[in-house]
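Spelled out from the first residue to the last, the chains are:
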Amino acid sequence: MKRWFTVLLCMLVVALMGSACSTKELVKDPVTLTVLYGSGTTEFDKAYGDMFRQKYPHVTLRVINYTQHEAYKTINDLIKVMNDVQPDIVELYSSHLVELVEKGQLIELDSYIQSSSFDIDHMYAPVIEALRLEGEGRLYGLTPYFPGTALYYNKTLFDLNHIPVPSSAVTWEQMIDLAKLFPSGEGYSGTYINKPYTNKFNYVRYIGFQNGLRVIDSTGKKVTVDTESWKNMWTKGIESFQSGAMVEVIAELFPPSFSEDQYTELWLKNNAFAAGKAAMVVADYSMAEQLELIQNSTSPNKPEFEWDLVAYIPNGNKPNGAFIPDMNKIFAMTTYSKNVQDAWELLSFMHSGSTMLRLNNQHDLGYGYLSSRPAAARKIGDKNISAFYQATEAINSGKSIKWPAAFLDPFMKIGEEEVELAASGDQTVEQSVVNMQQRWQEALDAALLAEGASGK
């Protein structure tokens, strides 16, 4: 009996020693990760930090609010702050990502993804592709959300006019053709844009941009708005206003401060679709959120109508494509990091399925933005939110051509003048295109000359 007791005692001692050794092996050295973030420590901890520390207790997070450094005025300002702060992870806009990649200050993520269990396959493919385009084919950043768009339609107005509702993805041209079917003078329109937030010129230019058209060629020195593709776009866009299919709605600018009730009333006043006065509109996810808010409000002016969404195809030549506008919350690892593997653990944790699902459930993704993981998208009633996720590829062009700063003001002024003259019938579209080509080229030449003289 004593012999068995001795054996058991020895076994227990060995087990305890092994356990102690195992525990010792699992204890990691303390690490501090610095994150250059846009909203400060409290917001970061709520979204990511508190949960990350529970999983990785050896990591201390040092979160620095970049707005205190005015880091994002220019890329050079941002680089100065990065040199000072030495961040492991930085939050970026799309334009900053492109420039930091060029300067070699970000770490490519592909090798870390391939050697880990990070599930990139269930992130929205067009978003990842758009990020790769900005990284010259390589992935240097991840984003928890993106500003996607879909076509909203007012089923009540379609039914009233005996027009079948769109049942599948709709191109821009198809939307305009549908809008023409709605009668004028009935207090509502087929579709619309909001002034002063945009205007005829900016709208047509943006549709052209989504269709792969560029105002300036790859050299940055030649204006190219008189090509056949551009001429076709100017003609179709201007004709959409002349026909009444597309109308301009004058919006009232929001005051600096307002109550929730005032906000709802301003939305109803400024947004024709929310007010039930437009059959269709291409808009982002914030429209769905706002319609939900209005429906749940006590406003005596809220309209009663049925609505839903279908996928919107910005470029009819690429029916599976989505245009992903500039993203403003891209997280990237920097070459300043001395703890790259721990930085990757944080970055991958922030974009994991469980984290992004929790953010969406808490409404912490950001107003009007969609989760980059379709499975984490927040539902709104029985609405077809999947319309935001129908594409399989990005139609972004990647790196954009830098314009001289002095060209921007004349570009806008000339464009607005010429498009307005054509839309009003005071001159032909063809003449407006000729004028834009000539006047813009002269303005660009002058801006390039001034830029060269200043040494910028």
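Given the structure is predicted, the values throughout are model-derived calculations rather than measurements.

Taken in spatial order, the three strands make up an open sheet running β9-β5-β10, and their pairing is antiparallel. In the strand order of this sheet, the two ends are held by β9 (280–284) and β10 (307–310), each with one partner. Each neighbouring strand pair of the sheet contributes to a mean axis angle of 35°, computed without reference to strand direction. Lying over the sheet, helix α12 (residues 285–295) contacts β5 (149–154), β9 and β10, oriented at roughly 105° with respect to β9.

Moving on, we come to the pattern of salt bridges. All told, the structure shown has 18 salt bridges when counted by the stated rule. Of the charged contacts, one joins E228 and K231 as a salt bridge, the two residues approaching to 3.7 Å between their closest N and O atoms. Separated by three residues within a single helix, E228 and K231 lie in helix α10 (residues 228–242), roughly one turn from each other. Judged by relative accessible area, which is 34%, K231 ranks as partly exposed. Close ionic contact of E417 with R439 constitutes a salt bridge, the shortest N to O distance being 2.9 Å.

Moving on, we come to the environment of R53. Mapped onto the secondary structure, R53 falls in helix α2 (residues 41–55). Sequence-wise, R53 and L346 are 293 residues apart; in three dimensions their C-alpha atoms are separated by 9.7 Å. Apart from the residues within four sequence positions on either side, R53 is in contact with D45, V59 and L61.

Let's shift gears to the sheet that holds strand β13 (residues 330–333). Spatial ordering of the open sheet is given by β2-β1-β3-β13, a layout of four strands whose pairing is mixed. Since the sheet does not close on itself, it has two edges, and those belong to β2 (59–65) and β13, each with one partner. With strand direction ignored, the average angle separating the axes of adjacent strands in the sheet is 20°. Strand direction decides the pairing type here: strand β3 (residues 89–92) and β13, joined by four bridges, are antiparallel. Residue pairing for β13: I89 is matched across the bridge by M333. Lying over the sheet, helix α13 (residues 340–350) contacts β1 (31–37), β2, β3 and β13, oriented at roughly 160° with respect to β13.

With that settled, the discussion passes to the nonpolar core. Grouped together as the largest cluster of nonpolar side chains are 92 residues, with contacts concentrated most on Y152 and M333. It is α13 that contributes the most residues to this core, seven residues altogether. Core analysis: the second largest hydrophobic core is formed by 47 residues, L157, Y203, V310 and A422 among them.

Residue placement: L266 occurs in helix α11 (residues 260–270). Since its relative accessible area comes to 10%, L266 is described here as buried. With eleven residues separating them in the primary sequence, L266 and P255 have C-alpha atoms 9.7 Å apart. Among residues more than four places away in sequence, those in contact with L266 are E252, F254 and P255.

This brings us to the side chain of K329. Of note, K329 is situated in the loop between β12 (321–322) and β13. Side chain to side chain, K329 and E91 meet in a polar contact 3.1 Å long. Beyond its immediate stretch of four places on either side in the chain, K329 contacts Y37, E91, L92, L142, T143, P144 and Y145.

Another aspect to go through is the packing of aromatic side chains. Under the defined criterion, the tally for this structure stands at 30 aromatic pairs. With a centroid separation of 5.1 Å and an interplanar angle of 80°, the aromatic rings of Y124 and Y389 are classed as edge-to-face. Residue Y124 is located in the loop between α5 (110–114) and α6 (125–134), and its partner Y389 is located in the loop between β14 (370–371) and β15 (393–394); the two are separated by 265 residues in the primary sequence. Neither Y124 nor Y389 differs from the other in exposure class; each is buried. One aromatic cluster is present, formed by F201, W230, W234, W403, F407, F411 and W440 through successive ring pairs. Cation over ring: K200 sits above F241, and NZ or CZ is 5.7 Å from the ring centre. A cation sits over an aromatic face here: K383 above W307, 4.7 Å from the ring centre.

Moving on, we get to helix α15 (residues 405–423). For α15, with 19 residues, the first-to-last C-alpha span of 28 Å sits near the 27 Å given by 1.5 Å per residue. Every buried residue of α15 is accounted for by F407, F411, I414, G415, E418, V419, A422 and A423. G425 occupies a position one or two residues after α15 and carries a positive phi of about 85°.

Note on placement: E418 falls in helix α15. In this structure E418 comes out as buried when scored by relative accessible area, which is 4%. The spatial distance from the C-alpha of E418 to the C-alpha of N435 is 7.3 Å, given a sequence separation of 17 residues. There is a polar contact of 3.2 Å between the side chain of E418 and the side chain of N435.

Where burial is concerned, most of strand β7 (residues 191–195) is hidden: four out of the five residues are buried. Note: β7 against strand β8 (residues 246–250), five bridges, orientation parallel. Paired with Y192 across the strands is V247, a residue of β8.

This part takes up the side chain of N154. Mapped onto the elements of the fold, N154 is located in strand β5. There is a polar contact of 3.0 Å between the side chain of N154 and the backbone nitrogen of T156. Only 2.9 Å separates the side chain of N154 from the backbone nitrogen of L157, close enough to count as a polar contact.

Restricting attention to buried positions, one finds in helix α14 (residues 353–361) the residues T355, M356, R358, L359 and N360. Buried positions along α14 lie against α2, α13 and β14.

Looking now at the packing of helix α8 (residues 172–179) against α10. At their nearest, the axes of α8 and α10 sit 11 Å apart, and the two run at 30° to each other. Comparing their axes, α10 and α8 come out roughly parallel. As α8 runs across α10, the sense of the crossing is left-handed. Each of W172, E173 and I176 in α8 lies in contact with α10, whose residues at this interface are M233, K236, G237 and S240. Per-class residue counts for the contact of α8 with α10 are three nonpolar, two polar and two charged.

Parameters at a glance
Residues numbered from 1 in each chain as written. Predicted model: local features only at pLDDT ≥ 70, side-chain atom pairs only at ≥ 80, totals over all residues. Heavy atoms only, no water. Pairing = 2+ DSSP bridges. Helix = DSSP H or I, 4+ residues; strand = E, 2+ residues; numbered from the N terminus. Axes fitted to C-alpha atoms, helices over the stretch in contact; angles between N-to-C directions. Contact = heavy atoms within 4.5 Å. Salt bridge = Lys/Arg side-chain N within 4 Å of Asp/Glu carboxyl O. Buried < 20%, exposed > 50% of the residue type's maximum accessible area, 1.4 Å probe, protein only. Core = buried A, V, L, I, M, F, W, Y, C linked by side-chain atoms within 4.5 Å. Polar contact = N/O pair within 3.5 Å; in protein donor to acceptor, adjacent residues only side chain to side chain. Phe/Tyr/Trp six-rings, centres within 6.5 Å; stacked < 30°, edge-to-face > 60°. Lys NZ or Arg CZ within 6 Å of the ring centre and 35° of its normal. Expected span 1.5 Å × (residues − 1). Parallel < 35°, antiparallel > 145°, perpendicular 65-115°, else oblique. Left-handed = near helix turned anticlockwise from the far one by under 90°. Nonpolar A, V, L, I, M, F, W, Y, C, P; charged D, E, K, R; others polar.

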